[in-house]
Amino acid sequence: MKTAKKAPETVLGIDKDFMWAPGEGPQTQEEIDDFFNSAAIHELKQLICELGRRSYAKNYNDGNGGNFSVRVAKNVVLCTPTMVSKGFMKPSDMCFVNMNGEKIAGSRRRTSEVLAHLAIMKRQPLAKACCHAHPPHATAFALAGKKPPRNVNPETEIFIGDVGLAPYDTPGTQRLADKIGELGLKHDCIFMVNHGVITWASDIETAFWKMENVEAHCYTSIIAQAIGGFQQFSDEKAKELLPIRDSLGFVEQY
Ligand SMILES: [Zn+2]
C-alpha cells in the first residue's frame, strides 16, 4: 500500500517525527486503515503507551487526565483515547483523527482535548507532537494563573523559556483550543489556567521531556520559595543562553 511504504520503518530511529511531503498521506478509508495498522504506526502507538506509563508513574495524570498526539501525515494525527488511564493504555486504544478533530480510525473515542493539540499543529508547522498532563507543581502555577519564575535555572531558560498562559475557558471547546493555538506560535510550553499544562515539539518524546522539565522547574521553585526565595541572574546573563537555545532549535521568543 502506497502510504504504508512511505512510513518510516521505525519511530525509535531517525524518522520518529514523521516528516511528510505536501499532499502526502492516506486518502481513502482503506488507505487510512492500512496506515493505522502499519508496523510504523504500531511502533509509535507502543511509544505513546510507554510515555503514558512514565507520565502516570511520575504522578502527572490523575484519573484519566492527560493526552498525547502525533501528526503522522498532512491530515492525520494519532491520539490517545478518552476515559482510559494514561498509565494503562494499549496500542489498540489509540485512534486517528483528521485535522478537524474527526475520528477516522480506531475503536475508542478520541480525547476531547485533541482540538487544542490540533490548534497548535495548524498554526505552528514545527509542532508535530503535543503532550498534555496535570503534573502537580506546574498545575499549581496554572491554577493560580501564574507563570513560573524566570532567570533562576539556566536549563529551564534554554529548554522552556517563556511559558504561555492561556486564560480559562471550558475544556474541549474550540474557543479554548484557539487561545492555546495562538500561544503555541511563540511558546513551546503553555499553562492552561485552572487546568494543566500542554507542551509541543517535533516528536512526542521531546514534548514529554519538556513536560518533565517544566514540572521539575515548578517543583524546585516552590521549594526555593519555601526556604527563602530565589537568587535570580540578570537579563543580560539570560541573553547569553539564547544562542544555546537557538542551536537546539527551540522557538524564537525574543
Ligand atoms: Zn487535562
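Analysis parameters
Residues numbered from 1 in each chain as written. Predicted model: local features only at pLDDT ≥ 70, side-chain atom pairs only at ≥ 80, totals over all residues. Heavy atoms only, no water. Axes fitted to C-alpha atoms, helices over the stretch in contact; angles between N-to-C directions. Helix = DSSP H or I, 4+ residues; strand = E, 2+ residues; numbered from the N terminus. Parallel < 35°, antiparallel > 145°, perpendicular 65-115°, else oblique. Contact = heavy atoms within 4.5 Å. Buried < 20%, exposed > 50% of the residue type's maximum accessible area, 1.4 Å probe, protein only. Left-handed = near helix turned anticlockwise from the far one by under 90°. Nonpolar A, V, L, I, M, F, W, Y, C, P; charged D, E, K, R; others polar. pLDDT = per-residue confidence, 0-100. Salt bridge = Lys/Arg side-chain N within 4 Å of Asp/Glu carboxyl O. Pairing = 2+ DSSP bridges. 1 Å grid on protein atoms, 1.4 Å probe; cavity = no way out; pocket = protein on both sides within 12 Å on 5 of 7 lines; lining within 4 Å. Points joined across faces, edges and corners; volume = space filled by probe spheres on them. Core = buried A, V, L, I, M, F, W, Y, C linked by side-chain atoms within 4.5 Å. Domains from an automatic or database assignment.

Asks: Honestly, the packing of helix α5 (residues 136-144) against helix α8 (residues 204-226) in this entry has me stumped. Any pointers?
Replies: Helix-helix packing is characterised by the crossing angle of the two axes and by the distance between the axes. Running from N to C, α5 and α8 point in directions that differ by 75°, and their axes come no closer than 7 Å. With respect to each other, α5 and α8 are oriented roughly perpendicular. Here P136, H137, A138 and F141 of α5 lie close against α8, whose contacting residues are E215, C218, Y219, S221 and I222.

Asks: Even after reading the chapter, I still don't get the environment of P91, so can you show me in this structure?
Replies: Structurally, P91 can be placed in the loop between β2 (76-79) and β3 (95-97). The exposure class assigned to P91 is partly exposed, which follows from its relative accessible area of 22%. In sequence terms P91 and L44 are 47 residues apart; their C-alpha atoms lie 8.6 Å from each other. If we ignore the near neighbours within four places in the chain, the residues touching P91 are H42, K45, Q46 and C49.

Asks: I tried to follow the packing of helix α4 (residues 114-123) against helix α7 (residues 174-184) on my own but got confused; where do I start?
Replies: Orientation of α4 relative to α7, taken along the N-to-C sense of each, is 40°, at an axis distance of 8 Å. As judged from the angle between their axes, α4 and α7 are oblique. The handedness of the crossing between α4 and α7 comes out as right-handed. Mapping the contact onto sequence places L115, A116, A119, I120 and R123 in α4 and Q174, A177, D178, I180, G181, E182 and G184 in α7. Tallied by class, residues from the contact of α4 with α7 come to six nonpolar, three polar and three charged.

Asks: Please clarify how the confidence of the model for the protein chain should be interpreted in this entry.
Replies: A low pLDDT means the predicted coordinates there should not be read in detail. Of all residues in the protein chain, 89% attain a pLDDT of 70 or more, and the chain-wide mean is 88. Confidence drops under a pLDDT of 50 for residues 1-16, and excluding neighbours within four residues, the segment shows 26 contacts in the predicted structure.

Asks: Quick question: what am I supposed to make of the pattern of salt bridges here?
Replies: Opposite charge on two side chains lets them pair, provided their charged atoms get close. Tallied over the full model, the rule gives 15 salt bridges. The partner of K58 in a salt bridge is E212, with the nearest N and O atoms 3.3 Å apart. With a gap of 154 residues between them, K58 in the loop between α3 (39-57) and β1 (67-73) and E212 in helix α8 connect regions that are remote in the sequence. Linked through salt bridges whose partners overlap, the residues forming this network are K147, R150, E157 and D162.

Asks: Explanation requested: the sheet that holds β3 in the structure shown.
Replies: Backbone hydrogen bonds hold the strands of a sheet together, and the pairing may be parallel or antiparallel. If you walk across this open sheet you meet the eight strands as β4-β3-β2-β1-β5-β8-β7-β6, and the pairing is mixed. Since the sheet does not close on itself, it has two edges, and those belong to β4 (103-105) and β6 (164-166), each with one partner. If you compare each strand with its neighbour and ignore which way they point, the axes differ by 25° on average. As paired strands, β3 and β4 are joined by two bridges and run antiparallel to one another. Pairing of F96 across the sheet is with A105, part of β4. On the sheet, α7 packs against β6, β7 (189-192) and β8 (196-201) and is oriented at approximately 150° with respect to β7. Strands β1, β5 (129-133), β7 and β8 of the sheet are contacted by α8, whose axis makes an angle of about 140° with β8.

Asks: Explain empty space enclosed by the protein here, please?
Replies: The method is simple in principle: a probe with the dimensions of a water molecule rolls over the atoms, and the space it marks as empty is what remains. Following the criterion strictly, the structure yields two cavities of 30 Å³ or more and no others. When its volume is computed, the largest cavity comes out at roughly 50 Å³. Lining the largest cavity are S112, E113, L115, A116, G172, T173, L176, A177 and M192. Only α4 and α7 provide two or more residues apiece to the lining of the largest cavity. Residues that form the lining of the largest cavity fall into these classes: five nonpolar, three polar and one charged. Its volume calculated, the second largest cavity comes out at about 40 Å³. Around the second largest cavity, the lining residues are A166, P167, Y168, D169, P171, L176, M192, V193, N194 and H195. Looking at the lining of the second largest cavity residue by residue, the classes come out as seven nonpolar, two polar and one charged.

Asks: Would you explain the nonpolar core in this entry?
Replies: A general trend in soluble globular proteins is that nonpolar side chains are found buried together. V72, L78, F96, F191 and I204 are the most contacted members of the largest nonpolar core, which has 44 residues in total. The two domains that each donate at least three residues to this core are domain 1 (1-111) and domain 2 (132-254). Ranked by size, the runner-up nonpolar core spans 23 residues in total, among them V77, C79, M99 and A127.

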